Amino acid sequence: MAVSQTALKMPSDLLSRMDEARARTDALFNLLPPNSYYERPIPERHRLIFYLGHLEAFDWNLLSGPLGLRSDDAEFDKLFAFGIDPVDGGLPTDAPKDWPTIARVEKYTEEIRRRLDGTLANPRAAARDLPSDLAGGTLLNVAVEHRLMHAETLAYLFHNLAFDKKEAPFKPKADTRPAPAQRQAMIAAGSATLGMSKAARHAFGWDNEFGEQKIEVPEFSIDAYPVTNGEYLKFVQAGGYRDARHWKAEDWDWRQQAGIEHPHFWLLERGAQAGDPHARWEYRGMFGAIPLPLSWPVWVSHAEASAFATWAGKKLPTEAQWHRAAYGTREGIERSYPWGDDAPDASKGNFHHRNWDGTPVDAHPDGASAFGVFDLLGNGWEWTSSQFGPLPGFEPFAFYAGYSANFFDGKHFVMKGGSARTDACMLRRSFRNWFQPHYPYVYTKFRCVEE
Ligand SMILES: [Fe+2]
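Computed from a prediction, not measured in an experiment: that's the story for all the values here. (Residues numbered from 1 in each chain as written. Predicted model: local features only at pLDDT ≥ 70, side-chain atom pairs only at ≥ 80, totals over all residues. Heavy atoms only, no water.)

## Some points on the overall build of the protein chain
Inclusion rule: Elements are defined by DSSP. Helices are runs of H or I of four residues or more, strands are runs of E of two residues or more, and each kind is numbered from the N terminus. We call a residue buried when its accessible area falls under 20% of the maximum for its residue type, exposed when it is over 50%, and partly exposed in between, using a 1.4 Å probe and counting protein chains only. Contacts are residue-level and defined by heavy atoms, with any inter-residue pair within 4.5 Å sufficient. Methods summary: accessible areas were calculated by the Shrake-Rupley approach with a probe of 1.4 Å, and residue burial reflects only the protein chains presented. A positive count includes Lys and Arg, and a negative count includes Asp and Glu. His and the chain ends are not counted in either. Where a charge lies is defined by one atom per residue type: Lys uses NZ, Arg uses CZ, Asp uses CG and Glu uses CD.
Across its full length, the protein chain carries eleven helices and 14 strands. Principal-axis analysis of the C-alpha atoms gives the protein chain an extent of 65 × 55 × 40 Å. Looking at the protein chain as a whole, 58% of its 451 residues are labelled buried. Residue pairs in contact within the protein chain that sit at least 24 positions apart in sequence constitute 79% of those at least 6 positions apart. Surface exposure of the protein chain reaches about 18900 Å², of which carbon and sulfur atoms provide 51%. Computed over 50 positive and 59 negative side-chain charges, the inter-centroid distance for the protein chain is 1 Å.

Here it is in structure tokens:
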């Protein structure tokens, strides 16, 4: 369906949100000295220079057709079109010399911004008829949230750069606060609503958020706090990484092949053994190492979270259980956020780009849910035991068919919540994130349930 030009007015709030999103990603790249752009901090991912070009190439490939614009640089549009997500092996082998100079990529990105912005400000001068996806704001929302998601995944990449390869705005301070004692919150039986109805299409969501599914959830108990570094240390010291009984077969194979002995965000004192109760541990912060903060959540892969849950005689929550614990109430209504219906602010959790690292799991009591479950949004996504799949009536976006559907493969698990680097706009209840189980670089925590 097309919308006539006379009816078209590009929503100005979306244009200013695009400016803000660009400022976020520009600020990230400003942390890099020039010779860091060609680093590959995570072996499965592209070199950082790719992402400098990718954010603009994505916007261009999405918006130029509907706006009736012709490319000046089809080679770069293609070179910077797609990221990578190899599951189990198959690492990229390109060399720094295979990539263009920073100046050349910056010229490309500046030109794209100039051309897109000029046309978005005056879309009548462009295409004769504009597709409804553009006129209705969907495509600009996709461009803004795609960029903000990269602001988070770039933070994972930067986290893995050596400390001397980024320009630290500060040095992290030790946090010696003890972890709160873990306790269980009882969650009364009731319904959990996943996704949102297609009638709510006026609200932006990605394709995987549409299709409303109500699920009746029997009573269960859940950890009131995410599992902390302090709790997880007991699993490591008990030899949890050396005992195959706690691990699913494919997770154990991955652990052995990758030689993983502890969470990726932990650093073990040189020469020490992971199981040694006297070994000194540090936390790998964004801009420096600090003694392991016991009250912060542990960030681990799905494989490691599942092994801990098995060792503890518990389980990871299903997506529906997580929803019930986060948004449900005894009265039966479901809230927009764990704390109620007020928009997210700094008192509710560690999200929206405020911190580069974790905070204590009990630092935001105002963000607790009706059932007294803490730290659900922010401070790290949370693993569920649910495989990522379509909600009833799923339809892929026509302009981005593979965004979700390429990952409905039984090899990715749903994550809920958000991290310190998740923008507040993606804390909406229906938002779903997903990752493969053998990828330890993500800001993802977990908590356990008993049924
Ligand atoms: Fe992307």
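Read on, since the account is not over.
## A word on the nonpolar core
Soluble globular proteins tend to pack their nonpolar side chains together in the buried interior. Convention followed: Buried Ala, Val, Leu, Ile, Met, Phe, Trp, Tyr and Cys residues form a nonpolar core when they are joined through side-chain atoms within 4.5 Å.
Core analysis: the largest hydrophobic core is formed by 99 residues, its most contacted members being F158, Y232 and F446. Ranked by residues supplied to this core, first place goes to helix 6 (residues 138–159) with 13 residues. When neighbours within four sequence positions are excluded, Y232 is seen to be in contact with V227, Y241, P263, W266, V298, V300, E304, F308 and F446. If you look at the next biggest cluster of nonpolar residues, it comprises 23 residues, including I187, A320, L376 and V449.

## Overview of the sheet that holds strand 3 (residues 184–187)
The pairing of strands in a sheet happens through backbone hydrogen bonds and is either parallel or antiparallel. Applicable threshold: Two strands qualify as a pair provided DSSP detects at least 2 bridges between them. As a rule, the C-alpha atoms of each element are fitted with a line to give its axis, helices using only the stretch in contact, and angles between N-to-C directions run from 0 to 180 degrees.
Spatial ordering of the open sheet is given by 3-6-14, a layout of three strands whose pairing is antiparallel. Edge positions in the sheet fall to strand 3 and strand 14 (449–450), since each of these pairs with one other strand and no more. Strand direction decides the pairing type here: strand 6 (residues 220–223) and strand 14, joined by two bridges, are antiparallel. The partner of S221 across the bridge, within strand 14, is E450. Together, strand 3, strand 6 and strand 14 form the strand contacts of helix 10 (residues 319–327), whose direction differs from that of strand 6 by roughly 75°.

## A closer look at the coordination of the iron ion
Reference values for angles at a metal are 109.5 degrees in the four-donor tetrahedral case and 90 or 180 degrees in the six-donor octahedral case. Short version of the rule: Excluding water, the donors of a metal are its N, O and S neighbours within 2.8 Å, or within 3.2 Å for Na, K and Ca, and that exclusion means sites may look incomplete.
The protein atoms that coordinate the iron ion are H54 (NE2), H146 (NE2) and H150 (NE2), at distances of 2.2 Å. Considered as a linear motif, the donors of the iron ion on their single chain read H-x91-H-x3-H. Note that H146 and H150 are positioned in helix 6 at a spacing of four residues, about one turn of the helix.

## Some thoughts on the pattern of salt bridges
Put simply, the rule is: Each reported salt bridge corresponds to a side-chain nitrogen of Lys or Arg within 4 Å of a carboxyl oxygen of Asp or Glu.
If you walk through the whole model with that rule in mind, you get 25 salt bridges. For the salt bridge of E261 with R242, the shortest nitrogen-to-oxygen distance reads 2.9 Å. Of the two residues, E261 sits in the loop between helix 8 (249–258) and strand 7 (266–268) while R242 sits in the loop between helix 7 (229–237) and helix 8, which places them 19 residues apart along the sequence. The salt bridge involving E382 is made with K445; its shortest N-O contact spans 3.1 Å. Taken as a pair, E382 in strand 10 (residues 381–387) and K445 in strand 13 (residues 444–445) lie far apart in primary sequence, 63 residues in all. Exposure remark for E382: the relative accessible area of 0% places this residue in the buried category. By relative accessible area, K445 is classed as buried at 0%. Beyond isolated ion pairs, a larger network of salt bridges with shared partners links D26, E56, D59, R113 and R147.

## Considering the confidence of the model for the protein chain
Detailed reading of the predicted model is not advised wherever pLDDT is low. Counted only if it meets this: Confidence scores labelled pLDDT are given residue by residue by the predictor and lie between 0 and 100.
Averaged over the protein chain, the pLDDT score is 93; the fraction of residues at 70 or greater is 95%. In this model residues 1–8 is a low-confidence stretch, pLDDT under 50, and it forms 19 contacts with partners more than four residues away in sequence or in other chains.

## As for the pairing of strand 11 (residues 413–416)
Because side chains alternate across strand 11, one face comprises the buried residues F413 and M415, and the other comprises V414 and K416, equally buried. With three bridges connecting them, strand 10 and strand 11 associate as antiparallel partners. Counted as the bridge partner of W383 is M415 from strand 11.

## Digging into the environment of K314
Following the sequence through the fold, K314 ends up in the loop between helix 9 (302–311) and helix 10. Taking the C-alpha atoms as reference, K314 lies 5.6 Å from E450; in sequence the two are 136 residues apart. Beyond its immediate sequence surroundings of up to four residues, K314 is in contact with Q184, D223, A309, C448, V449 and E450.

## Thoughts on helix 2 (residues 48–67)
Rules: By definition here, a helix of n residues has an expected span of 1.5 Å times n minus one. At any given residue, the bend is defined as the angle formed between two axes, one fitted to the seven residues that end at that position and one fitted to the seven that begin there.
Between its terminal C-alpha atoms helix 2 stretches 29 Å, which fits the 28 Å expected from 20 residues at 1.5 Å a residue. For helix 2, the principal kink sits at H54 and spans about 35°. With 18 of 20 residues buried, helix 2 lies mostly within the body of the structure. The positive-phi residue at the C-terminal boundary of helix 2 is G68, with phi of around 75°.

## Brief notes about the pairing of strand 8 (residues 281–284)
Where strand 7 meets strand 8, three bridges bridge the pair, whose relative direction is antiparallel. Each residue of the ladder has a partner; that of W266, found in strand 8, is Y283. Sheet analysis places strand 8 next to strand 9 (residues 289–291), joined by three bridges and oriented antiparallel. When the bridges of strand 9 are listed, E282 appears paired with P291. Between strand 8 and strand 9, which follow one another and run antiparallel, lie four residues.

## Brief notes about the packing of aromatic side chains
Note the threshold: Pairing of aromatic side chains requires ring centres within 6.5 Å, counting the rings of Phe and Tyr and the six-membered ring of Trp. Pairs whose planes differ by under 30 degrees are stacked, by over 60 edge-to-face, and all others tilted. Whether a charge lies above a ring is judged from NZ of Lys or CZ of Arg, which has to be within 6 Å of the ring centre and within 35 degrees of the ring normal.
Counting across every chain of the model gives 48 aromatic pairs. Grouped by ring-pair contacts, the aromatic residues F58, F204, W206, F388, F394, F397, F399, Y400, Y403, F407, F408 and W434 constitute a single cluster. The side chain of R255 reaches across the aromatic face of W252, ending 4.3 Å from its centre.

## Things to note about helix 8
Applicable threshold: Each C-beta atom gives one direction from the helix axis, and the arc is the one those directions make.
If you check which residues of helix 8 are buried, you get D251, W252, W254 and R255. The arc that holds the buried residues of helix 8, viewed along the axis, is 160°, so those residues lie on one side. Exposed positions of helix 8 whose direction lies more than 90 degrees from the buried face are A249 and Q257. Buried residues along helix 8 sit in contact with helix 9. Immediately downstream of helix 8, the backbone of G259 shows phi near 65°, a positive value.

## Focus on the sheet that holds strand 9
Read across the open sheet, the three strands follow the order 7-8-9; overall the sheet is antiparallel. Among the strands making up the open sheet, the edge pair consists of strand 7 and strand 9. The sheet shows a mean angle of 40° between the axes of neighbouring strands, direction not considered. Against the sheet, helix 7 engages strand 7 and strand 8, with an angle of about 45° to strand 7.

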